[in-house]
Amino acid sequence: MARNMHRKLFKWTYFYLVSGMFIPFNIIMLPLIKLLYATGLNSYVGLILGYVFYGLPANVFLTVGYLHSVPRELEESAVIDGATVWQTFWRVIFPLMKPINATITIFTMLNAWNDFMLPMLLIRDKSLMTLPLIQYAFQGQYNTDYGLAFASYLMALLPAVIFFLFAQRWIVSGLVSGAVKS
């Protein structure tokens, strides 16, 4: 899509997908929940599908923007060397996409990890509840166990911080690699 913006179909598809960023979740929340319940996807599968389809516009926007910064000459030299379109993508372009893939992975992971609204509306089975829903149970109308609640908040924060520390090297390397011309 990034390399074929001069074609109307690709340009239209790109703008159609990116236009989904302008639709707030509150507007599509009720139809989405009704659809997932009607199809029997009120479980982790439906939750994952909801995150994938709602995160797709921003991910397409970031990926296309990043691919515009990758020089076309790299693809042309791979074609001259005899690579097919798929070989060019998997052996030349995809390894260069580590920073944007790490960024998208971090954003998607943090969005899913911290989400409260979609699991609250979709998951009814107590054994399938996500971490924010379980933490919500620590707060009652008349009392709150602050010690237990804050301990669970810190424990819930730990995997996200570890994941970010693991993946940040690709983001930083992607930022630094474009800073110096050789």
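Residues numbered from 1 in each chain as written. Predicted model: local features only at pLDDT ≥ 70, side-chain atom pairs only at ≥ 80, totals over all residues. Heavy atoms only, no water.

1. Structural notes on the overall build of the chain
When you go through the chain residue by residue, the secondary structure sums to nine helices and zero strands. Along the chain, from the amino end to the carboxyl end, the secondary structure elements read α-α-α-α-α-α-α-α-α. Its C-alpha atoms give the chain a radius of gyration of 21 Å, clearly above 16 Å, the size a compact globule of 182 residues would have. Expressed as lengths along the three principal axes of its C-alpha atoms, the size of the chain is roughly 70 × 40 × 25 Å. (Helix = DSSP H or I, 4+ residues; strand = E, 2+ residues; numbered from the N terminus. Rg over C-alpha atoms; globule rule 2.2 N^0.38 Å.)

2. What about the side chain of Thr-88?
Along the chain, Thr-88 falls in helix α5 (residues 85-96). For Thr-88, a relative accessible area of 5% corresponds to the buried category. Of the polar contacts made by the side chain of Thr-88, one reaches the backbone oxygen of Thr-84; its length is 2.7 Å. When near neighbours in sequence (up to four residues on either side) are disregarded, Thr-88 contacts Glu-75, Ala-78, Val-79, Ala-83 and Ile-93. (Buried < 20%, exposed > 50% of the residue type's maximum accessible area, 1.4 Å probe, protein only. Polar contact = N/O pair within 3.5 Å; in protein donor to acceptor, adjacent residues only side chain to side chain. Contact = heavy atoms within 4.5 Å.)

3. Remarks on the nonpolar core
One recurring pattern in soluble globular proteins is that nonpolar side chains are buried together. Core analysis: the biggest nonpolar cluster contains twelve residues, these being Ala-2, Met-5, Tyr-14, Val-18, Val-60, Val-64, Leu-67, Val-70, Ile-93, Met-97, Ile-100 and Ile-104. Listing elements by their share of this core, those giving two or more residues are α1 (8-18), α3 (44-67) and α6 (98-114). The leading source of residues in this core is α3, at three residues. Dropping the residues within four chain positions of it, Tyr-14 is found in contact with Met-1, Met-5, Val-60, Phe-61 and Val-64. Counting eight residues, the second largest nonpolar core, distinct from the first, contains Met-29, Leu-47, Tyr-51 and Leu-122. (Core = buried A, V, L, I, M, F, W, Y, C linked by side-chain atoms within 4.5 Å.)

4. Some remarks on the packing of α3 against α6
Where α3 meets α6, the axes come as close as 10 Å, and the angle between the chain directions of the two elements is 155°. The angle between α3 and α6 places the two elements in the roughly antiparallel class. Considering the relative orientation of α3 and α6, their crossing is right-handed. Side by side, α3 and α6 meet where Tyr-51, Asn-59, Leu-62, Thr-63 and Tyr-66 of the first sit next to Pro-99, Ile-100, Ile-104, Phe-107, Thr-108 and Ala-112 of the second. Taken together, the residues that form the contact of α3 with α6 break down as eight nonpolar, three polar and no charged. (Axes fitted to C-alpha atoms, helices over the stretch in contact; angles between N-to-C directions. Parallel < 35°, antiparallel > 145°, perpendicular 65-115°, else oblique. Left-handed = near helix turned anticlockwise from the far one by under 90°. Nonpolar A, V, L, I, M, F, W, Y, C, P; charged D, E, K, R; others polar.)

5. Some thoughts on the packing of aromatic side chains
According to the stated counting rule, one finds nine aromatic pairs in the structure shown. Ring plane angle 20° and centroid distance 6.3 Å describe the contact between Tyr-146 and Phe-150, whose orientation is recorded as stacked. Within this pair, Tyr-146 and its partner Phe-150 are both found in helix α9 (residues 146-177), separated by four residues, close to a single helical turn. Residue classification places Tyr-146 among the exposed positions, given a relative accessible area of 55%. Taken together, a centroid distance of 5.4 Å and an interplanar angle of 85° make the contact between Phe-150 and Tyr-153 edge-to-face. With Phe-150 and Tyr-153 both in helix α9, this residue pair falls three residues apart, about one helical turn. Exposure remark for Tyr-153: the relative accessible area of 27% places this residue in the partly exposed category. Here the aromatic cluster, defined as three or more aromatic residues joined through ring pairs, consists of Phe-89, Trp-90 and Phe-94. (Phe/Tyr/Trp six-rings, centres within 6.5 Å; stacked < 30°, edge-to-face > 60°.)

6. Details of the packing of α5 against α6
With their axes 5 Å apart at the nearest point, α5 and α6 run at an angle of 60° to one another. In this view, α5 runs oblique relative to α6, as classed from their interaxial angle. Seen from α5, the contacting residues are Phe-94, Pro-95 and Leu-96; seen from α6, they are Lys-98, Pro-99 and Asn-101. Across the contact of α5 with α6, the residue classes tally to four nonpolar, one polar and one charged.

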